[in-house]
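Here is how the chains run, residue by residue.
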Amino acid sequence: MIKTLTRPAMIFIPFILGVCFPQVHVLNKPPVNIIRYVLMIMVFMSCLQIRFTELKPRRDHLGLLIGNLLMGIVPYYLLLWLCPGKVDFAKAAFFTGITPTATAAPVVIAFLNGRVGFGLTGFTITNCFVSLSLLLLLPLVTGTFSASFIGHVALTLFQIIGLPFLVAVILRRFWPQLRELPKRCKNFTFSLWSFALFVIAAIARQYFIDHPDAKASEVLLVAGISLVICICNFTLGNFIARKRYKRECSQLLGQKNTTFTMYLALTYAGPLVAMGPIFYVLWHNTWNAWQMYRYDRRLLTRQLRVADWKK
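Quick summary incoming for the structure in this document. (Residues numbered from 1 in each chain as written. Predicted model: local features only at pLDDT ≥ 70, side-chain atom pairs only at ≥ 80, totals over all residues. Heavy atoms only, no water.)

**Here we look at the overall build of the protein chain**
Helix and strand content of the protein chain: 13 helices and zero strands. Going residue by residue from the N terminus, the α and β elements of the protein chain occur as α-α-α-α-α-α-α-α-α-α-α-α-α. The C-alpha radius of gyration computed for the protein chain amounts to 20 Å, which stays within 12% of the reference 19 Å derived for 311 residues, consistent with globular compactness. Over its C-alpha atoms, taken along the principal directions, the protein chain stretches across nearly 70 × 45 × 35 Å. Relative to all contacts within the protein chain whose residues are 6 or more apart in sequence, the contacts with residues 24 or more apart total 81%. By element, 69% of the accessible surface of the protein chain is carried by carbon and sulfur atoms, the whole surface being about 15,700 Å². (Helix = DSSP H or I, 4+ residues; strand = E, 2+ residues; numbered from the N terminus. Rg over C-alpha atoms; globule rule 2.2 N^0.38 Å. Contact = heavy atoms within 4.5 Å. Areas by Shrake-Rupley, 256 points an atom, 1.4 Å probe, with all protein chains shown as cover.)

**Some words on the layout of surface pockets**
As a volume, the second largest pocket reaches approximately 350 Å³. Counting residues per element, the ones that place at least two in the lining of the second largest pocket are helix 2 (34-48), helix 6 (116-142) and helix 7 (147-174). The leading source of residues in the lining of the second largest pocket is helix 6, at seven residues. (1 Å grid on protein atoms, 1.4 Å probe; cavity = no way out; pocket = protein on both sides within 12 Å on 5 of 7 lines; lining within 4 Å. Points joined across faces, edges and corners; volume = space filled by probe spheres on them.)

**Observations regarding helix 7**
Between its first and last C-alpha, helix 7 extends 38 Å over 28 residues, near the 40 Å set by a 1.5 Å rise per residue. At phenylalanine 158, helix 7 shows its largest kink, close to 45°. Taken as a whole, helix 7 has its buried residues at Phe149, Val153, Thr156, Leu157, Ile160, Ile161, Gly162, Pro164, Ala168 and Arg172. Considering only its buried residues, helix 7 is in contact with helix 2, helix 6 and helix 12 (258-268). (Expected span 1.5 Å × (residues − 1). Bend = angle between axes of the 7 residues up to and from the residue. Buried < 20%, exposed > 50% of the residue type's maximum accessible area, 1.4 Å probe, protein only.)

**Structural notes on the packing of helix 10 (residues 216-240) against helix 11 (residues 246-254)**
Orientation of helix 10 relative to helix 11, taken along the N-to-C sense of each, is 145°, at an axis distance of 7 Å. You can see that helix 10 and helix 11 cross each other, and the crossing is right-handed. Residues Asn233, Phe234, Leu236, Gly237, Asn238 and Phe239 of helix 10 form the contact with helix 11, whose own contacting residues are Lys246, Cys249, Ser250, Gln251, Leu253 and Gly254. Residue composition of the contact of helix 10 with helix 11, by class: five nonpolar, six polar and one charged. (Axes fitted to C-alpha atoms, helices over the stretch in contact; angles between N-to-C directions. Left-handed = near helix turned anticlockwise from the far one by under 90°. Nonpolar A, V, L, I, M, F, W, Y, C, P; charged D, E, K, R; others polar.)

**Observations concerning the packing of aromatic side chains**
Throughout the structure, instances matching the rule amount to nine aromatic pairs. An angle of 75° between the planes, with centres 5.0 Å apart, marks the rings of tyrosine 76 and tyrosine 77 as edge-to-face. Relative accessible area serves as the criterion here: at 7%, tyrosine 76 is assigned to the buried category. (Phe/Tyr/Trp six-rings, centres within 6.5 Å; stacked < 30°, edge-to-face > 60°.)

**Points about a nonpolar patch on the surface**
A surface patch of nonpolar side chains, amounting to about 760 Å² of accessible area, comprises Leu155, Phe158, Leu163, Leu166, Val167, Ile170, Phe174 and Trp175. Inspection of the secondary structure puts valine 167 in helix 7. (Patch = residues over 30% accessible without salt bridge, like charges linked within 9 Å, V, L, I, M, F, W, Y side chains within 5 Å. Salt bridge = Lys/Arg side-chain N within 4 Å of Asp/Glu carboxyl O.)

**Looking at the nonpolar core**
Counting residues in each nonpolar core, the largest one holds 71 residues, and the members touching the most others are Phe94, Leu134, Ile160, Phe260 and Leu264. Setting aside anything within four residues of it in sequence, one finds phenylalanine 94 in contact with Gly72, Tyr76, Leu134, Leu137, Leu138 and Val141. Ala105, Ala241, Tyr245 and Cys249 belong to the second largest nonpolar core, which has nine residues in total. (Core = buried A, V, L, I, M, F, W, Y, C linked by side-chain atoms within 4.5 Å.)

**Re the side chain of threonine 99**
On the secondary structure map, threonine 99 appears in the loop between helix 4 (87-97) and helix 5 (105-111). The class for threonine 99 is buried, based on a relative accessible area of 0%. Once residues lying within four places of it in the same chain are set aside, the contact partners of threonine 99 are Asn68, Lys256, Asn257, Thr258 and Thr261.

**Focus on the pattern of salt bridges**
Counting across every chain of the model gives three salt bridges. For lysine 86, the salt bridge goes to glutamate 218, with nearest N and O atoms at 3.5 Å. With lysine 86 in the loop between helix 3 (59-82) and helix 4 and glutamate 218 in helix 10, this residue pair connects regions lying 132 residues apart in the sequence.

**Re the side chain of threonine 156**
Inspection of the secondary structure puts threonine 156 in helix 7. Setting aside residues no more than four positions away along its own chain, threonine 156 makes contact with Tyr263, Leu264 and Tyr268.

**What to know about the packing of helix 9 (residues 186-210) against helix 12**
Contact geometry of helix 9 with helix 12 gives a least axis separation of 11 Å together with a crossing angle of 30°. Judged on the interaxial angle alone, helix 12 and helix 9 are roughly parallel. The two elements helix 9 and helix 12 cross, and the hand of that crossing is left-handed. Counting all contacts with helix 9, which are made through Trp193, Leu197, Ile200 and Ile203, the residues of helix 12 involved are Thr258, Thr259, Met262 and Leu266. For the contact of helix 9 with helix 12, a count of residues per class yields six nonpolar, two polar and no charged. (Parallel < 35°, antiparallel > 145°, perpendicular 65-115°, else oblique.)

The values are spatial; any link to function lies outside them.
So, in structure tokens, the structure goes:
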């Protein structure tokens, strides 16, 4: 039970601390830009453990990718139609829904006794193709189609996704033993992500200090949008997959690499929009904690039954 509560605690506590200490927001200003470098390290660690020979794309992965893209595009245009004067709500929905699969999703799949190879393939496909799609989608959402803006988006994506990937591949070529580094540094990586959440929460709080006219109702509405998208993601992942991959697809579509789109939202849209992915962190990890608790309980019950039968 304690292990099950550890992950939610490492999400809620940094979030609360960031709200209490908004001064920390300066860490994300030039020249520090701490969120960018935290994200680069996390991507690098994830790429170290990918074994390309084990990646086997299946039909379900295509459905997963299409679902990921639609969950960013459809809510965006739906909210533009429903709330034409509140573009930030539509942008919050876009950055929340378009987020690719989290690095930790294959780990959770393994914990739930799912197919890890399927999970790693899904993680690689969604992160690669969603990142490429953002070259077109970000200018569309922001309304800026200049060559300089698209070039800036491409440079940003290369810095936080492409560069760590290339460095990981090159280092693995000369030092194959580095593939085991993420396993040994699992707690460090999660702590780093938790620290990033602390800084992002501070940035969000500072936004409301600098904009006292901002309404709490707007934040709650963004939280509600994020919750609806989270429920839809886990449900859609289960719906689009064949029976044998329902658990995996639900997890791959529902568990998101929110640090990635938090950074993009802060860079191209603002703190209020970034609250969408921030709240998503709370929602999808709360569901993960509940899944793990149920799995542990069922496993313990089964073990007790076996013990009773042997008696």
